[in-house]
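Geometric and topological summary
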Amino acid sequence: MAGFETLLDRIDDNERREDGAATPIAEKPACPALPKTAFQAAVRGLRGHCPSCGEGRMFPSLLKPIAQCQICGQDWTHQQADDFPAYVAIILTGHIMAPVIIYMVGETDFSMEINLAIIIFLALILIGALLQPAKGAIIALQWWMGLHGFEKPVRPVEPLASDD
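Quick notes on the rules
Residues numbered from 1 in each chain as written. Predicted model: local features only at pLDDT ≥ 70, side-chain atom pairs only at ≥ 80, totals over all residues. Heavy atoms only, no water. Helix = DSSP H or I, 4+ residues; strand = E, 2+ residues; numbered from the N terminus. Areas by Shrake-Rupley, 256 points an atom, 1.4 Å probe, with all protein chains shown as cover. Core = buried A, V, L, I, M, F, W, Y, C linked by side-chain atoms within 4.5 Å. Buried < 20%, exposed > 50% of the residue type's maximum accessible area, 1.4 Å probe, protein only. Contact = heavy atoms within 4.5 Å. Expected span 1.5 Å × (residues − 1). Bend = angle between axes of the 7 residues up to and from the residue. Disulfide = S-S within 2.5 Å. Polar contact = N/O pair within 3.5 Å; in protein donor to acceptor, adjacent residues only side chain to side chain. pLDDT = per-residue confidence, 0-100.

Each helix and strand in the protein was counted, giving four helices and zero strands. Carbon and sulfur atoms make up 62% of the accessible area of the protein, which totals about 11,700 Å².

By size, the foremost hydrophobic cluster in this structure holds 16 residues, and its most contacted members are Cys50, Cys69, Trp76 and Trp143. Not counting residues within four places of it along the chain, the set of residues in contact with Cys69 comprises Cys50, Cys53, Gly56, Gln74 and Trp76.

Between its first and last C-alpha atoms helix 3 (residues 84-107) spans 35 Å; for 24 residues at 1.5 Å apiece the expected length is 34 Å, and the two agree. Its maximal kink placed at Met97, helix 3 deviates by approximately 35°, while the proline Pro99 follows within four residues. If you check which residues of helix 3 are buried, you get Pro85, Ala89, Thr93, Met97 and Met104.

Looking now at the side chain of Thr108. Its place among the elements puts Thr108 in the loop between helix 3 and helix 4 (112-145). Apart from the residues lying within four places of it in its own chain, the contact partners of Thr108 are Tyr103 and Asn115.

Per the counting criterion, the structure on display carries zero disulfides. The closest cysteine sulfur to the non-disulfide-bonded Cys53 is located on Cys69, 3.7 Å from its own sulfur. Residue class for Cys53 comes out buried when judged on its relative accessible area of 3%. In this model Cys72 remains outside any disulfide bridge; the closest cysteine sulfur is found in Cys69, 3.7 Å from its own. A relative accessible area of 12% means that Cys72 is categorised as buried.

Now for the side chain of Asn115. Among the secondary structure elements, Asn115 is positioned in helix 4. The exposure class of Asn115 is buried, given its relative accessible area of 3%. A distance of 3.5 Å separates the side chain of Asn115 from the backbone oxygen of Met104, its partner in a polar contact. The contacts of Asn115, once residues within four sequence positions are left out, are Met104, Val105, Thr108 and Phe110.

In the predicted model, the protein carries a mean pLDDT of 78, and the fraction of residues at 70 or more is 73%. Within the protein, helix 3 carries the highest mean pLDDT (93), whereas helix 1 (residues 7-15) carries the lowest (44). In this model residues 1-17 is a low-confidence stretch, pLDDT under 50, and it forms 11 contacts with partners more than four residues away in sequence or in other chains. Overall, residues 23-29 carries pLDDT values under 50, and its contacts beyond four positions in sequence, including any with other chains, amount to eight contacts.

When you line up the elements, Ile138 lands in helix 4. In the structure, Ile138 is positioned 54 residues away from Phe84 in sequence and 7.9 Å away in space, judged by C-alpha atoms. Among residues more than four places away in sequence, those in contact with Ile138 are Ala81, Phe84, Pro85 and Val88.

Right under this line is the structure:
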């Protein structure tokens, strides 16, 4: 079919020079260091970066994670965060908003309708702001622990200090 080309055609075209000779395949760039702890992996996920290398973007859109990291090649299709990021965002929002609500109701002279409107607006903004970082951290922890089809990454080991 005219105009139809497969991924393999594109790869083959990229590997051939204009004179028809195959070009050597460039080596994959060296992968940056793996995180040393689950906390470090979770922080990378919180920041929206690939938990494996810390450099690639984890989310091309708001909540849709990438299928594979463009830097290190880590496959993220195994992730199953499901509803857990929403639960985390809601719990954090409740704990952050509780003192705000207590203050607004007890100390301000706004009417109940104004207080309600401000509280709902702030809660929605906070949930929206926490959802993607929560999902990134949860995916990072799933990867670190080897859950849901992820292979457990090889942990970097630190040399033991000698007793000399």
